Amino acid sequence: MNDMKCECGHVNPVGTILCESCGKALTENAQKEKLHDMRYEGSARRSQTYNKTIIDKIWNFFSSVKVGVWLIVLTLVASSLGTIFPQKDMLPTNLTPEEYYHKEYGWVGQLWYKLGFEDLYGSWWYLLLIAAIGVSLVICSLDRFIPLHRALKNQRVTRHEGFMKRQRLYIDAAITGDQSFAKVKERLKEKHYRVKEEHGNLFAEKNRFSRWGPYVNHIGLIIFLIGAMLRFVPGMYVDELLWIREGETKVIPGTHEKYLLKNNKFILDTYQKGKDNEAFNQALDRVGTVAKNFQTNVTLYKRKEGALPGESGKLAKVKDDEIKVNHPLEFAHYSVYQMDYKPNELKTMTLQLENKKTKKTFGQVKIDLFNPKDVYDLQKGYKVKLIGYYPNFTGFAKDGEPQSSSPIPDNPAFLFRMYSPEHPKGEVSFVAIRQNVEPLGNNDYKMSFAGIETRNVSALTVHKDLTLWILAVGGAIFMIGVIQGAYWNHRRIWLQRKEGNVLIAAHTNKNYYGIKKELAAILDGTGLPVPKDQQEGKKEKEKEKEV
Amino acid sequence: MNHLLNISSNLLFVAFILYLIGTFFFGGAIRSKSKKAEGASMNRWGLIGITISIVGFVCQLGYFILRWVVSGHAPVSNMFEFTTFFGMMLVAAFIIIFFIYRTAVLGVFALPVALLIIAYASMFPREVNPLVPSLRSYWLHIHVTTAAAGEAILAISFAAGLIYLVKSINQSRKSKSTLWLEFVMYILISVVGFIIITSIFHAANYTQRFDWVDKDGVEQVGKHGLPLRLLLST
C-alpha cells in the first residue's frame, strides 16, 4: 500500500480517515458520515490499519482499551483473592505453610495452598499480569498518541468544507454587508486563543496540551509499575522482622551481616491518672490501661572492614538510640521500627533439692533456660543431672515421652535425676510448672520451685525501600497527567468565507456546554451567526421517536 | 479543663440543633421557589437557611478547637471524633458549593445527613481518650483530616448527582435507569434505617450476648448491640 495523497497536496500515511492537513474525508465511510468521529482526528492508527503478521495481531490485541480494562479487572480480582487468607510471610514460624493452612482453614485452606495462593503477589502469573498491563499501557498510548500528535501538528488553517460541515458545532450562513473577522479575532485573543489567519480565514486554538494528559498519566503509571517491580531486585527492598531480647546482640537481618543491634532495655509506658492530662481520666476509668509508649533502647554496631561474619570482637559502635513507634532508628537507608513486644519472657528458673519428709533443702540450681547445663553439683554428695529439657512443654506422647513445641521457654519442663547420699544411683523426677511427676515410683527427694528471672523481648521490623522515590515520581507524573487532561479542554474554532457565506465550526474534546457559552460570548454583537449543536438536534429527534 | 470540655460539648449540641432548624428553612426555600423565576433560588428562606448553617458550622468549629485545646491532640482520634468531624466537613463542603451554585435543594440533603451523622457519632464512647503510640504522629493531623474532608466533598457531589438523576430521569416508564436509581434509594433508606434502629437499641442499653467455643477449644464471648435472635435460633 502507498501513502495517500489528498487533493490539498498533503501526503497522509496509509489508513488515514481524515486528511491531517485539510480534514477532507479520505474513505467512503467517512464521506457518508453525518458527523465525523473526531476522537483521534481521523488519524491513521496502526492497530486499525494492519492486521496481517503476528506482530500486527499482538499489537492490535494490546492496543485495545477493552483488553486493557480486562487485564486490570483480572489483576484486581487476583489481588483480592490474595487477601482472603494471610500470605506466606505473615504466618507463624512454628508450622509449615501447608500444615498451617490446613489446620487453620480446613480444606479451603488446603485448596488455597495447592493453588499456590500462599505467595500470590510473587507468583509468576501475577507478575505476568502486571507486565501485561504495562505492555498494554505502552501500546495503547503509542497507537493513539503518535498519529494524534501528527494530525494536530499538520492541521492547516483553511479546512475542507466537508470537514467543517461534519463538526458538532457548525453553521453556514449568508451574511449581509462586509463583516470583518477583526473583532472576532480580537475577542478570541482575549480568551487566550492562539489565532492564525490564511486567505482571510481564521483558525483559533487553545489548550492543545490537554490532549496529552492521558499519555502523561500513562507515563507516570508505567514509572510507578517499574518502581513496584524493582522491589524484586535484591538490595532495593528489605522488610524483615527481628525478635531481640533484652541484653542480646543480634545481626540485623537484611543488612548482609554488616550491622548488629543490641537491645539494652524495652520500655512500656501507660497513661497514669494524676500524671497525665486529667481530661483522659474518664476514658482511663472505662478502658483501664492505655499504652503511651513502646520503646526499645538500642546500640547499633557495624562490623569492621574485613571482619568475617561471626567474629564478634571486631565491632564498631555506631550510635545509641531510642526506637519508638513512629520514630525508627535510621542508618544507611535502613529504618528499624518498633513493631511488637513480649513482656516477661522466662530467662532462668531456680529450683531447689528438697527432702520431702524433713522439708530440708540441699542447695539451689539456677537453670539458664536458653543454655542449660547437664549437671549441677550441690556438694556433699548431692547432685542434680538434667536428663531432659522441654522448653515449651505441651504434654506427653503416647509412649510417655514429653513433647516440646518450640525452643522458646514459654512452659519449661525438666527431667531430673537427683543424686543424694541415700540414693547414689539417683531418683528420677519430671518437673513442669505446677506439676511434679515421679515416673519410677515414689521418691524421697523432690525439686521444688524457688524463683524465676524474666526479661522483655522486643520485635523490630527492618525496613529499606529504595523504590520509594520512583513511586513518588511516578505518582506525581500520574497526577499531573490527570490534572492536565481533566481541568483544561482543547478548543478549536474555524471561521471561513465561501462565496458570500460564512462558515463557522468548533470542536472541543470535552465540555461542549463550556465552548457553546464561550462561542456565544465571542460572536455576540459581531453580526456573525452562532454555530448550532448538530448532535443535540439529533438527540431531540430520537427522543421524539421514543415517545 | 472540664469546664472547657463542657463548653465544647454544648457547642456541638447547639450546632446539631442549628442544622435541624436550617433543614426546615431550606425545605421552605425549595417550596417557595416555584413562585420566582428559574435561577433566582436565593430567596429569603434560602438566605436564612445558609446563615443558620454557617452559624452552626462556626459552633461546631468551636467544639473542634476547644476539644483540641483540652486533649492536646487533633480530635480525630476515635470514632466519635472522626464521625463528627466528617459531619462538620460535610456542612463546610455544602457551604462552599452553595456559594458557587446557589442551590438550596442541596441543603435539604446536606444538613439532615450531617445531623444523622452527628447523631450516629454520639453512639460511640464520647470521652476524650489518650493517644495510643501508633497515633502519636503528625500524620494524624494531615491524613485523617484530609481524608474526612475529601469524603465529605465527595458525599455532597454524590447528593448533587442523585438530585440531578431524580429530576432528569423519566420515571413514568420502567427502565434500567429507574431500576438502579431505585436501588440507590433503597440502599440510602437502609442506611438511615440502620442508624435509627441502632440509635434506639443503644438508647435502651440493649446488648445481646452469646458464648461459644472456637475451633481451638477456647471459650469466646460475643456482644452485639442489636437483637440477632432470629438468626441464632435456627
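Since we're looking at a predicted model, the values are computed, not measured. (Residues numbered from 1 in each chain as written. Chains lettered and ligands numbered in written order. Predicted model: local features only at pLDDT ≥ 70, side-chain atom pairs only at ≥ 80, totals over all residues. Heavy atoms only, no water.)

## Some words on the interface of chain A and chain B
On the side of chain B, 17 residues touch chain A, which itself brings 19 residues to the contact. Taking both partners together, chain A and chain B bury about 1,500 Å²; carbon and sulfur atoms supply 54% of that area. Considering only the surface of chain A that becomes buried against chain B, A279, F280 and N326 of chain A emerge as the three largest contributors, covering 27% of it. Run the count over chain A and chain B and you get 1 salt bridge. Of the charged contacts, one joins R286 of chain A and E127 of chain B as a salt bridge, the two residues approaching to 2.4 Å between their closest N and O atoms. Along the contact surface separating chain A from chain B lie 7 residue pairs in polar contact (both at pLDDT 80 or more). Within the residue set of the side of chain A that touches chain B, elements represented by two or more residues are α5 (97-114), α10 (281-287) and β9 (291-303) of chain A. Here the side of chain A that touches chain B is composed, by residue class, of 9 nonpolar, 4 polar and 6 charged. (Contact = heavy atoms within 4.5 Å. Buried area = accessible area lost by both parts, 1.4 Å probe. Salt bridge = Lys/Arg side-chain N within 4 Å of Asp/Glu carboxyl O. Polar contact = N/O pair within 3.5 Å; in protein donor to acceptor, adjacent residues only side chain to side chain. Helix = DSSP H or I, 4+ residues; strand = E, 2+ residues; numbered from the N terminus. Nonpolar A, V, L, I, M, F, W, Y, C, P; charged D, E, K, R; others polar.)

## Here's the deal with helix α1 (residues 2-31) of chain B
Residue and element names in this part refer to chain B. For α1, with 30 residues, the first-to-last C-alpha span of 44 Å sits near the 44 Å given by 1.5 Å per residue. Listed as buried for α1 are L5, S8, L12, A15, L18, Y19, G22, T23, F26, G28 and A29. Buried residues in α1 make contact with α2 (44-71), α3 (79-101) and α4 (105-121). (Expected span 1.5 Å × (residues − 1). Buried < 20%, exposed > 50% of the residue type's maximum accessible area, 1.4 Å probe, protein only.)

## Looking at α2 of chain B
Three or four residues apart is the spacing at which side chains of an α-helix point the same way, because the helix has 3.6 residues per turn. Taking 1.5 Å per residue, 28 residues should reach 40 Å; α2 of chain B reaches 41 Å between its end C-alpha atoms and fits that length. Just beyond α2 of chain B, the residue with positive phi is G72 of chain B, at close to 85°.

## Quick notes on the domain arrangement of chain A
Domain assignment breaks chain A into domain 1 (1-44), domain 2 (46-152), domain 3 (161-207 + 489-546), domain 4 (237-344 + 459-472) and domain 5 (346-454). One C-alpha centre belongs to domain 2 of chain A, the other to domain 4 of chain A; they are set 36 Å apart. (Domains from an automatic or database assignment.)

## Details of the nonpolar core
Core analysis: the biggest nonpolar cluster contains 52 residues, and Y19, L90, F94 and I156 of chain B have the highest contact counts within it. Elements with a contribution of two residues or more to this core: α1, α2, α3, α4 and α5 (139-168) of chain B. Counting residues per element, this core draws most heavily on α3 of chain B, which supplies 13 residues. Once residues within four sequence positions are removed from consideration, I156 of chain B is found in contact with L90, A93, F94, I97, L106 and A110 of chain B. If you look at the next biggest cluster of nonpolar residues, it comprises 21 residues, including V195, I493, L495 and I504 of chain A. (Core = buried A, V, L, I, M, F, W, Y, C linked by side-chain atoms within 4.5 Å.)

## Side note on unusual backbone geometry
Residues and elements named next belong to chain A. Despite not being glycine, H199 shows a phi value in the positive range, around 50°. Turning to its location among the elements, H199 is positioned in the loop between β4 (194-198) and β5 (201-206). For H199, a relative accessible area of 74% gives the class exposed. For A332, which is not glycine, the phi torsion reads 40° and is therefore positive. Under the relative-accessibility criterion, A332 is labelled partly exposed at 44%.

## Focus on the pattern of salt bridges
Residue and element names in this part refer to chain A. Counting across every chain of the model gives 25 salt bridges over all chains. Of the charged contacts, one joins K292 and D276 as a salt bridge, the two residues approaching to 2.7 Å between their closest N and O atoms. One end of the pair, K292, is in strand β9; the other, D276, is in the loop between β8 (259-270) and α10, and 16 residues separate them in sequence. Salt-bridge contacts for E345 lead to K342; the nearest nitrogen and oxygen are separated by 3.1 Å. For E345, a relative accessible area of 3% translates into the label buried. Judged by its relative accessible area of 25%, K342 falls in the partly exposed class. Within this structure, R245, E248, K342, E345 and D410 form a network of salt bridges that share partners.

## Points about the sheet that holds strand β10 (residues 315-324) of chain A
Residues and elements named next belong to chain A. Taken in spatial order, the 4 strands line up as β7-β8-β9-β10 in an open sheet, and their pairing is antiparallel. The open sheet terminates on both sides in strands that have one partner only, identified here as β7 (249-251) and β10. In this sheet, neighbouring strand axes are inclined to one another by 25° on average, regardless of whether the strands run parallel or antiparallel. Examined bridge by bridge, β8 and β9 share 11 bridges and lie antiparallel to one another. Among the inter-strand pairings, I267 is bridged to a residue of β9, identified as Q295. (Pairing = 2+ DSSP bridges. Axes fitted to C-alpha atoms, helices over the stretch in contact; angles between N-to-C directions.)

## Focus: the sheet that holds β5 of chain A
Residues and elements named next belong to chain A. With respect to topology, 6 strands assemble into an open sheet ordered β4-β5-β22-β23-β3-β24, the strand pairing being antiparallel. This sheet does not close on itself; its edge strands, each paired only once, are β4 and β24 (532-533). Note that strand β3 (residues 169-174) and strand β23 (residues 501-508) share 6 bridges and pair antiparallel. Bridged to D172 within β23 is L503. Sheet contacts for helix α8 (residues 182-190): β4, β5 and β22 (491-498); angle to β4, the most-contacted strand, approximately 155°. Of the strands in this sheet, β3, β5, β22, β23 and β24 touch helix α12 (residues 512-523), which is tilted by about 145° from β23.

## Some remarks on the packing of α1 of chain B against α3 of chain B
All names here are of chain B. It is the contact of α1 with α3, at a shortest axis distance of 13 Å, that shows an interaxial angle of 40°. Considering how the two elements wind past one another, α1 and α3 form a crossing that is left-handed. Contacts from L12, Y19 and F26 in α1 reach F80, T84, V91, F94 and F98 in α3. In terms of residue class, the contact of α1 with α3 is made up of 7 nonpolar, 1 polar and no charged. (Left-handed = near helix turned anticlockwise from the far one by under 90°.)

## Here's the deal with the packing of aromatic side chains
Ring pairs (aromatic) are described by centroid distance and by the angle formed between their planes. Residues and elements named next belong to chain A. Applying the stated criterion across every chain yields a total of 44 aromatic pairs over all chains. On the basis of an interplanar angle of 85° and a centroid distance of 5.4 Å, the ring pair of Y121 and Y126 is categorised as edge-to-face. When the ring of F393 is compared with that of F396, the centres are 5.3 Å apart and the planes differ by 70°; the resulting orientation is edge-to-face. On the accessibility criterion, F396 (41% relative accessible area) is partly exposed. Through a chain of ring-to-ring contacts, the aromatic side chains of F85, Y100, Y101, Y105, W112, Y113, F117, Y121, W125 and Y126 assemble into a single cluster. In this structure, R159 packs its charged tip against the face of F163, placed 4.3 Å from the ring centre. The ring of Y419 has K383 sitting right over it, with the charged end atom 5.0 Å from the ring centre. (Phe/Tyr/Trp six-rings, centres within 6.5 Å; stacked < 30°, edge-to-face > 60°. Lys NZ or Arg CZ within 6 Å of the ring centre and 35° of its normal.)

## Regarding the environment of N489 of chain A
All names here are of chain A. One can find N489 in the loop between α11 (468-487) and β22. With 172 residues separating them along the chain, N489 and K317 place their C-alpha atoms 60 Å apart. Residues contacting N489, with those up to four places away along its chain left out, are K206, N207, S210, T508, N509, K510 and N511.

## Overview of the confidence of the model for chain A
For chain A, mean pLDDT is 89; residues scoring 70 or higher make up 96% of the total. Within chain A, helix α13 (residues 534-546) of chain A has the poorest average pLDDT of any element, 62, and α11 of chain A the best, 96. (pLDDT = per-residue confidence, 0-100.)

## Structural notes on the confidence of the model for chain B
A residue-level look at chain B finds 92% of positions with pLDDT of 70 or above and a mean pLDDT of 87. Overall fold confidence for the complex sits at a pTM of 0.79, while the interface term, ipTM, reaches 0.76.

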